[in-house]
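Letter by letter, the chains look like this.
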Amino acid sequence: MKALYFEEHGGADKLAYGDRPEPEPGTGEVRIRLKTAALNHLDLFVLRGIPGIPIGLPHIGGADGAGVVEALGEGVEGIEVGEEVVFDPGLSCGGCEFCRAGEQSLCVGFGVLGEHNDGTFAESVVVSALSLAPRPQHLSWEESAAFGLAHLTAWRMLINRGGLRPGETVLIHGIGGGVSVACLQLAKLVGAQVIVTSRSEEKLQRAADLGADHVLPSDDQVARGVRRMTGKRGADVVVDSVGDATWMQSLKAAAKGGRIVTCGATSGANPAEEIRLIFWNQLSIIGSTMGSREDWRSLVAAVNAHQLKPVIDTVLPLAEGRAAYERMDQAEQFAKIVLSIDG
Ligand code: ZN
């Protein structure tokens, strides 16, 4: 099969497009003939190499995809060859205490498709049959690949962990990445007021077009801006996946009793801290990673029920995947970069 892969870690120049062996589904697994895939920031980290996470080389990246079931492994029931599907990109062991409790993203062996094994930047991929969901029929193939990891992460952050309620105010730092745009969409779905920040005027405009209620430039005045927009009250929920560059503004922008949810630290993981703000304002600092199978099922149900459509930045053919990685690396994109694989 054709695949986008790399044999050593580094930049996008390490990516090659060529033939790789077709994967065979094991017990409980299915092989999907992929129509589309989508990039996440994770794919850049995996290409560069993540200290402490050794991966087999050559490696095929990609967590997100959509396609047609092509082959069934042993013991797979209730799924037919030819079904159009999307899949939960989380990998979990199924046997630990957290998996048994339905908290797959807390699994002691948790991983992500395309990080810990070969992913979706290929003509086919093998995934667990338990991860599948029918492809939402209101979405194009490109859109079907674009709501996986980012929307699942956003769902768990805002709805499950963050407990966002209608009428609350959410601050989302650094709008433009897949997760932040997904958070904006889901927060509007819930009926929250949304404030977003960015260094880019263009991204702020696009966020406003998607329903952001207020926009602010990303700088050290964000908290002041949020106070001004909320009658000095602050934001009930702050989504911070930026880290060093935004953490202090998150602490200062949160309302009394507010919740700060983090799922990443793209600008650095050791920000300055102000503990007095945390105890005096009784803030909750909440971590979140990917999502459970229940989060995934709830997300797919919501995407269908509300006819939600993920936002697509660019569609490129798989053979031009290097350009897709480069666009992601330059943070030029607004929401999802999609790769078309079949036709
Ligand atoms: Zn487990």
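Please read these numbers as outputs of a predicted model, since none were measured by experiment.

**Some words on the side chain of Ser250**
(1) Moving on: Looking at the element boundaries, Ser250 is found in helix H8 (residues 247-253).
(2) Moving on: A residue is classified by how much of its surface remains accessible, and Ser250, at 0% relative accessible area, is buried.
(3) Moving on: The residues contacting Ser250, other than those within four sequence positions of it, are His173, Val238, Asp240 and Ile260.

**Focus on the coordination of the zinc ion**
(1) Moving on: Protein ligation of the zinc ion involves Cys93 (SG), Cys96 (SG), Cys99 (SG) and Cys107 (SG), the donor distances falling in the range 2.3 to 2.4 Å.
(2) Moving on: For the zinc ion, the 4 donor atoms in the first shell make angles of 103 to 118° at the metal, so the coordination geometry reads as tetrahedral.
(3) Moving on: The sequence pattern formed by the donor residues of the zinc ion is C-x2-C-x2-C-x7-C. With a gap of 14 residues between them, Cys93 in the loop between strand E6 (90-91) and helix H2 (97-100) and Cys107 in the loop between H2 and strand E7 (111-112) connect regions that are remote in the sequence.
(4) Moving on: Using a relative accessible area of 48% as the deciding quantity, one classes Cys93 as partly exposed.
(5) Moving on: Of the residues examined, Cys107 reaches a relative accessible area of 6% and is grouped as buried.

**Description of the layout of surface pockets**
(1) Moving on: Reported here for the second largest pocket is a volume of approximately 430 Å³.
(2) Moving on: Forming the walls of the second largest pocket are 26 residues, and the residues nearest its centre are Ser128, Ala129, Leu130, Ser131 and Arg293.
(3) Moving on: Among the secondary structure elements, those contributing two or more residues to the lining of the second largest pocket are E6, strand E8 (124-128), strand E9 (132-134) and helix H10 (293-305).
(4) Moving on: When residues of the lining of the second largest pocket are assigned to their parent elements, the largest contribution, 5 residues, is made by H10.
(5) Moving on: The class makeup of the residues in the lining of the second largest pocket is 14 nonpolar, 8 polar and 4 charged.

Reading guide: rules and limits
Residues numbered from 1 in each chain as written. Predicted model: local features only at pLDDT ≥ 70, side-chain atom pairs only at ≥ 80, totals over all residues. Heavy atoms only, no water. Helix = DSSP H or I, 4+ residues; strand = E, 2+ residues; numbered from the N terminus. Buried < 20%, exposed > 50% of the residue type's maximum accessible area, 1.4 Å probe, protein only. Contact = heavy atoms within 4.5 Å. Donors = N, O, S within 2.8 Å, 3.2 Å for Na, K, Ca; no water. Tetrahedral: all angles 85-135°; square planar, octahedral: opposite > 155°, others 65-115°. 1 Å grid on protein atoms, 1.4 Å probe; cavity = no way out; pocket = protein on both sides within 12 Å on 5 of 7 lines; lining within 4 Å. Points joined across faces, edges and corners; volume = space filled by probe spheres on them. Nonpolar A, V, L, I, M, F, W, Y, C, P; charged D, E, K, R; others polar.

Nothing here speaks to function; it is all geometry.
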